[in-house]
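# Fold and contact review
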Amino acid sequence: MNGRTFLQRWFGRGWLSLGYLFLYLPIIVLIVFSFNSSRQDMVWSGFSLRWYSELMSDTEIISGFGLSLKIAFMSATSSVILGTFAAFALTNYQRFRGRTLFSSMVSAPLVMPEVIIGLSLLLMLVSMQKVFGFPERGVLTIWLGHTLLGMAYAAVVVQSRLQEMSKSLAEAAMDLGCRAHQVFFLVTLPNITQALASAWLLTFTLSLDDVVLSAFLSGPGSTTMPLVIFSRARLGLDPRVNAIAALTILVVTLAVIVYAVLLARAERQRRKQMSAAYSADQE
Amino acid sequence: MTSLLQSLRSMVTLRWVTGRNAVIAVPSLFLTAAFLVPFLIVLRISLSDMDTAGSPFGGLLSYVDGIVVLKVKIANYLFIAADELYLLTYLSSIKYAAITTAICLFIGYPFAYFMARARPSIRPVLMMLVMLPFWTSFLLRVYAWKGILANHGLLNDLLIALGVVQEPLHMMNTSFSLVVGMVYAYLPFMILPLYANLVKMDMRYLEAAADLGATPLQAFWRITVPLSKSGIIAGAMLVFIPSVGEYVIPELLGGPETLMIGRVLWDEYFTNNDWAMASSVTVLVVLLILVPMAIFNKYKTDQDAEERT
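Just so it is clear, the model here is predicted, and its values are computed rather than measured.

Looking now at the interface of chain A and chain B. Contacts between chain A and chain B engage 90 residues on the former and 93 residues on the latter. When the two sides are added together, the surface that chain A and chain B hide from each other amounts to roughly 8500 Å², 78% of it contributed by carbon and sulfur. Of all residues in chain A, Trp15(A), Phe22(A) and Val111(A) bury the most surface against chain B, accounting for 8% of the area lost on that side. Applying the counting rule to chain A against chain B returns 1 salt bridge. Across the pair Arg234(A) and Glu251(B) runs a salt bridge, and its minimum N-O distance is 3.0 Å. Between chain A and chain B we count 9 residue pairs in polar contact (both at pLDDT 80 or more) in total. For the side of chain A that touches chain B, a count of residues per class yields 63 nonpolar, 17 polar and 10 charged.

Written out as structure tokens, the structure reads:
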């Protein structure tokens, strides 16, 4: 901090505060106005839980939510498995035929606009249906699309952890006679569990939230929650949507707190074991 | 003993070979089936005559009376080239993406800079606070701006209460609300790579610059900014490429005059039911995006190589 004037420091703090205000303003607004009693858009007219109770009797939302959870669970799991494979290939194998194509295919869904991924998958599925008579659009096709997207994100998360992990650990295990699959299951996997967990959560929320791919890939009877919200949001403001938002924010906040607590506990445990190991070593 | 060890080693390597192939093959097959093939089909459909060809897989090449005929329909592309609306939509998508990228850089660079210069103990918290909104629904956060920017929304109420304006400003469903929504949604994609880059910077360069008589501003322009070039490129690409094809934000916050290619593509398929046209528009958008994507990939490989050394 040497050489920094008072003004510079406060300019920095001000910029950060305004930035965070910008990022959090919509979230705060959603929570506050979910308790508004008025139907009118954003005019505050008193505290009420009316929209929450209306939400509970909204069958369209509730069935959409159940479907979304199911798809998110499926696609998070498959994304993490495929993403880990891809990340492993990209970190451990520097040279193989088609590596450039492979790495660009892995990362392309990260940046490629979703309308394009959605449309091309849809056109393939519709073409296949014309020729082979399957697959029908529905849960499975949405799952396919979400897995493609989630895999790219999972690969990034797992890859950064694999790169951090020192190669010497795997090499030591090999020298001690571990076979490749043993190295993977006994050394690599335990070291990347945290990254796998974050990748799973990330792809889970990604799938839970996705509108565009779901819209292209859903069929009659497979309307996910974001599709319901999106169709209502297009028409205008709907206070029930605020209530959904507040509820999801509540759940996410709780999940983040639980995750942080578990992480801290695991870290403490690890330190305790480490120090125990060292003191045993010295005896 | 050594020979035993060697044979053991070779067994291990043999294991690696099969495992290695599976590790590469599984994601490759999936990506080919779910990403590459669909694109090729789109390309194929964009060049085909949907009215006569029943199957979209059917031959571009046909063999009649000893003559191989290659039938390529470029009518869709000619139509796009001739129709001003498409051209305007492409240009306007690029314009909004560029404006979004510029504003994100303007807000995000100082933001990432101050984050990186904060005390190391609070940096993880600052970082977490940027990531946290990602965990709540993107759709809902964009939707919230409808309520903030509406004629009787929060911002207008505030401005009227403060006496800045008498009449509510018309902000919703204009290019203003579109840009606000896009900047809001993509700002973290600018901040995170910039932060990752700036936090790694060697502060001794700045000390050297100061010793040699540079003012802080000069040091910033001539050292910090050039050193963070790869972060700027990564951030700009992560914002620019997806925002060119953005659909949800223009649909919720944009107005009738805010032409975006994502919406046109959607309408061609869902409203006009024109597969071939939708495919041609898609192919052109992909071509438009390939150049920035190549830059992004080159940056990424450079970055990876840098990290490995």
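Here the narrative resumes, following the displayed structure.
Under the counting rule described, the total for this entry stands at 2 cavities of 30 Å³ or more. For the lining of the largest cavity, the secondary structure elements donating two or more residues are α3 (59–92), α6 (139–164) and α8 (180–209) of chain A.

Residue and element names in this part refer to chain A. Within this structure, the stated rule accounts for 7 salt bridges over all chains. When the shortest N-O distance is used, the salt bridge between Asp-58 and Arg-240 registers 3.5 Å. Of this pair, Asp-58 sits in the loop between α2 (50–56) and α3 while Arg-240 sits in helix α11 (residues 239–282), and the two are 182 residues apart along the sequence. Since its relative accessible area comes to 8%, Asp-58 is described here as buried. Overlapping salt bridges, with partners in common, bring together Asp-58, Glu-60, Arg-232 and Arg-240 in one network.

Rules behind the numbers
- Residues numbered from 1 in each chain as written.
- Chains lettered and ligands numbered in written order.
- Predicted model: local features only at pLDDT ≥ 70, side-chain atom pairs only at ≥ 80, totals over all residues.
- Heavy atoms only, no water.
- Contact = heavy atoms within 4.5 Å.
- Buried area = accessible area lost by both parts, 1.4 Å probe.
- Salt bridge = Lys/Arg side-chain N within 4 Å of Asp/Glu carboxyl O.
- Polar contact = N/O pair within 3.5 Å; in protein donor to acceptor, adjacent residues only side chain to side chain.
- Nonpolar A, V, L, I, M, F, W, Y, C, P; charged D, E, K, R; others polar.
- 1 Å grid on protein atoms, 1.4 Å probe; cavity = no way out; pocket = protein on both sides within 12 Å on 5 of 7 lines; lining within 4 Å.
- Points joined across faces, edges and corners; volume = space filled by probe spheres on them.
- Helix = DSSP H or I, 4+ residues; strand = E, 2+ residues; numbered from the N terminus.
- Buried < 20%, exposed > 50% of the residue type's maximum accessible area, 1.4 Å probe, protein only.

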